[in-house]
Amino acid sequence: MEVAKDVRSAVRINGGADQHRAAPDLESVCEKVSALVSGNAVVVFTISGCCMCHVVKQLLFGLGVGPTVVELDRDASGGQILLLLHRLSGSGGGKAVPAVFVGGKFLGGIETVMACHISGSLVPLLKNAGALWL
């Protein structure tokens, strides 16, 4: 089962009147997010006050990981990043946060992270990304 996706897969815009106007903005946000996730072993995009975001951060901290945390409601590009995360997660109108990237690839949200943790595959992913030295 593949659990990780590349950030660039979210930039594909499916036609419509906004295609030409949205593409440059989304591409620049994609570049920013790509640089951030490729330069850090674990990145978590959150919204302050989100309880599920808190759960993911506490799980990672509890495992000994020091993730880079981006609070979208406190970031100037937060709205555009949130749009990118919606596209990447395929969540439509659902929750796009928390969004966890491990080793430069999109792992998923709370459900995927918890499923990986319960199945025992999260720690090996974190080790392979260089986030853990156990």
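As annotated in an unreviewed UniProt entry, the chain carries the name Glutaredoxin-C9 and is attributed to Salvia divinorum. The chain has a UniProt comment under Subcellular location (unreviewed entry) that states "Cytoplasm". For the record of the chain, the UniProt heading Sequence similarities (unreviewed entry) holds the text "Belongs to the glutaredoxin family. CC-type subfamily."

(A) Up close: the environment of L126. Within the secondary structure, L126 is located in helix α5 (residues 122–128). L126 sits 24 residues away from V102 along the chain, and the two C-alpha atoms are 6.8 Å apart.

(B) Structural detail: the packing of aromatic side chains. In total, this model carries two aromatic pairs according to the counting rule given. Between F45 and F101 the ring centres are 5.6 Å apart and the planes differ by 80°, which places this aromatic pair in the edge-to-face class. Taken together, the residues span a long stretch of sequence, with F45 in strand β1 (residues 42–46) and F101 in strand β3 (residues 99–102) at a distance of 56 residues. Measuring from ring centre to ring centre gives 5.2 Å for F101 and F106, while their planes differ by 55°; the resulting arrangement is tilted. Here F101 falls in the buried class, since its relative accessible area comes to 1%. Grouping aromatic residues by their ring pairs yields a cluster made of F45, F101 and F106.

(C) Fine view of the pattern of salt bridges. Within this structure, the stated rule accounts for three salt bridges. The closest approach of N and O atoms between K32 and D75, which form a salt bridge, is 3.4 Å. One end of the pair, K32, is in helix α1 (residues 19–38); the other, D75, is in the loop between β2 (68–71) and α3 (78–89), with 43 residues separating them in the sequence. Given a relative accessible area of 39%, K32 falls into the partly exposed group. Among the ionic pairs, K57 bridges to E71, the shortest N-O distance being 3.9 Å. In this pair, K57 is assigned in helix α2 (residues 51–62) and E71 in strand β2, connecting sequence segments 14 residues apart. When its relative accessible area of 16% is taken as the criterion, K57 is described as buried. A relative accessible area of 22% means that E71 is categorised as partly exposed. One salt-bridge network, held together by shared partners, links K57, E71 and R74.

Calculation notes
Residues numbered from 1 in each chain as written. Predicted model: local features only at pLDDT ≥ 70, side-chain atom pairs only at ≥ 80, totals over all residues. Heavy atoms only, no water. UniProt positions renumbered as here; feature names shortened; annotations may be inferred. Helix = DSSP H or I, 4+ residues; strand = E, 2+ residues; numbered from the N terminus. Phe/Tyr/Trp six-rings, centres within 6.5 Å; stacked < 30°, edge-to-face > 60°. Buried < 20%, exposed > 50% of the residue type's maximum accessible area, 1.4 Å probe, protein only. Salt bridge = Lys/Arg side-chain N within 4 Å of Asp/Glu carboxyl O.

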